[in-house]
Amino acid sequence: MPKQSKIDHGIFLLVVAVLAWTVPGAGHLVIKERKRAVIIFVTITLTFITGLYIGSVGVIDPVGAWPWYIGQMMASPAVGVLGQITRTGHYTSYGKPADIGQIYTCIAGLLNLLCVISAVYMAYAGRGEIIGEDEDV
Amino acid sequence: MCEFGLIVATFTSPENIGMDVKSLLWVFPLLASVAVIYKATKVRVIFLRRFFTETLVLFCTLCIVMTLIAALLHAGVWIITG
């Protein structure tokens, strides 16, 4: 592969990774995996919103619960905006709803990390060339 | 606009969830999400019917395993605490 082509491919992989992180499923959409993109977008968004609904936006706490915040940030950089809003301490969440909300939002973020890796790997290997069992067409 | 404000307001205060056994049921929607995303990243080509079937099988497997682990932990606590 020529050097310029390698650089272009590297930039493309970077774009796929950034898009996949910014909007869940967008990385797969770029590599023309539409069904996968829709499934990922709907599932991760619903999981994250369910977490916010149960525990309120107070579950995004970059100060008091920063380890959870790292996981939540994997869902999208938009979580950082929510983090800035909740940093004021006006939205608090305690007890069981906070626990469940944090688990939901953090798992949504970690699942998106899995999808980012999947999108980059599929872009690297070529669409449909992901490691796994062959399926009947 | 007012309706939008009401929708946003529902995200500013936590839901009322007790400390009872029913609160454990919240694990199942999460397991469904994990099953869907895992299968979406794992299968080579997505055929909706087959995808749905495989996801359902994985979801049921996860539910059974989680229930067994919960039962084992509960039994362990019951034995230790008498």
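Relevant structure appears above.
Keep in mind that this is a model prediction, so the values were computed, not measured.

1. Regarding the interface of chain A and chain B
At the junction of the two partners, chain A supplies 38 residues and chain B supplies 28 residues. Taken together, the connections running from chain A to chain B amount to zero salt bridges. Viewed at the interface, chain B and chain A are joined by eight residue pairs in polar contact (both at pLDDT 80 or more). Among the elements of the structure, α3 (34-55) and α6 (95-125) of chain A are those that each provide at least two residues to the side of chain A that touches chain B.

2. Comments concerning the packing of aromatic side chains
A ring pair, where both rings are aromatic, is described by two values, the distance of the centres and the angle of the planes. Under the counting rule described, the total for this entry stands at two aromatic pairs over all chains. A centroid spacing of 6.0 Å and a plane angle of 70 degrees characterise the contact between Y53(A) and F11(B), whose relative ring orientation is edge-to-face. Of this pair, Y53(A) sits in helix α3 while F11(B) sits in the loop between α1 (2-9) and α2 (27-42), on two different chains.

3. Concerning the packing of α2(B) against helix α3 (residues 48-81) of chain B
All names here are of chain B. Closest axis-to-axis distance for the α2/α3 pair is 9 Å, and the angle between their directions is 135 degrees. Taken together, the axis directions place α2 and α3 in an arrangement best described as oblique. Taken as a pair, α2 and α3 cross one another with a handedness that is right-handed. On the side of α2, the interface is formed by V27, F28, L31, A32, V34, A35, V36, Y38, K39 and A40, while α3 contributes F51, E54, T55, L58, F59, L62, C63, M66 and T67. Of the residues belonging to the contact of α2 with α3, the class tally is 15 nonpolar, two polar and two charged.

Scoring rules and cut-offs
- Numbers given to residues run from 1 along each chain, matching the order in which its sequence is written.
- Numbering of ligands from 1 and lettering of chains from A proceed in the order in which they are written.
- A pLDDT threshold of at least 70 governs which residues receive local features in this predicted model, and a stricter bar of 80 or more applies before side-chain atom pairs are shown or counted, although totals over entire chains, interfaces and linings include all residues.
- Side-chain figures throughout are based on the complete set of non-hydrogen atoms in the structure, without hydrogens or water.
- Any two residues whose heavy atoms approach within 4.5 Å are treated as being in contact.
- Only one rule defines a salt bridge in this text: a Lys or Arg side-chain nitrogen within 4 Å of an Asp or Glu carboxyl oxygen.
- Distance and chemistry together define a polar contact, namely a pair of N or O atoms within 3.5 Å, with one atom able to donate a hydrogen and the other to accept it when in protein, and with adjacent residues in sequence counting only for side-chain atoms on both sides.
- In DSSP terms, a helix is any run of H or I states spanning at least four residues, a strand is any run of E spanning at least two, and both are numbered starting from the N terminus.
- Classification of ring pairs uses Phe, Tyr and Trp, with its six-membered ring standing for Trp, and accepts pairs whose centres are within 6.5 Å; under 30 degrees between planes counts as stacked, over 60 as edge-to-face, and the remaining range as tilted.
- Lines fitted to C-alpha atoms define the axes, with helix axes restricted to the stretch in contact, and inter-axis angles between N-to-C directions lie between 0 and 180 degrees.
- The cut-offs work like this: below 35 degrees is roughly parallel, past 145 is roughly antiparallel, 65 to 115 is roughly perpendicular, and the gaps in between are oblique.
- Crossing handedness is defined as follows: a turn of the near helix away from the far one that is anticlockwise and smaller than a right angle gives a left-handed crossing, while the clockwise case is right-handed.
- Residue polarity follows a fixed list, in which Ala, Val, Leu, Ile, Met, Phe, Trp, Tyr, Cys and Pro are nonpolar, Asp, Glu, Lys and Arg are charged, and the others, Gly among them, are polar.

From the geometry alone we can't say anything about function, so treat these as descriptive.
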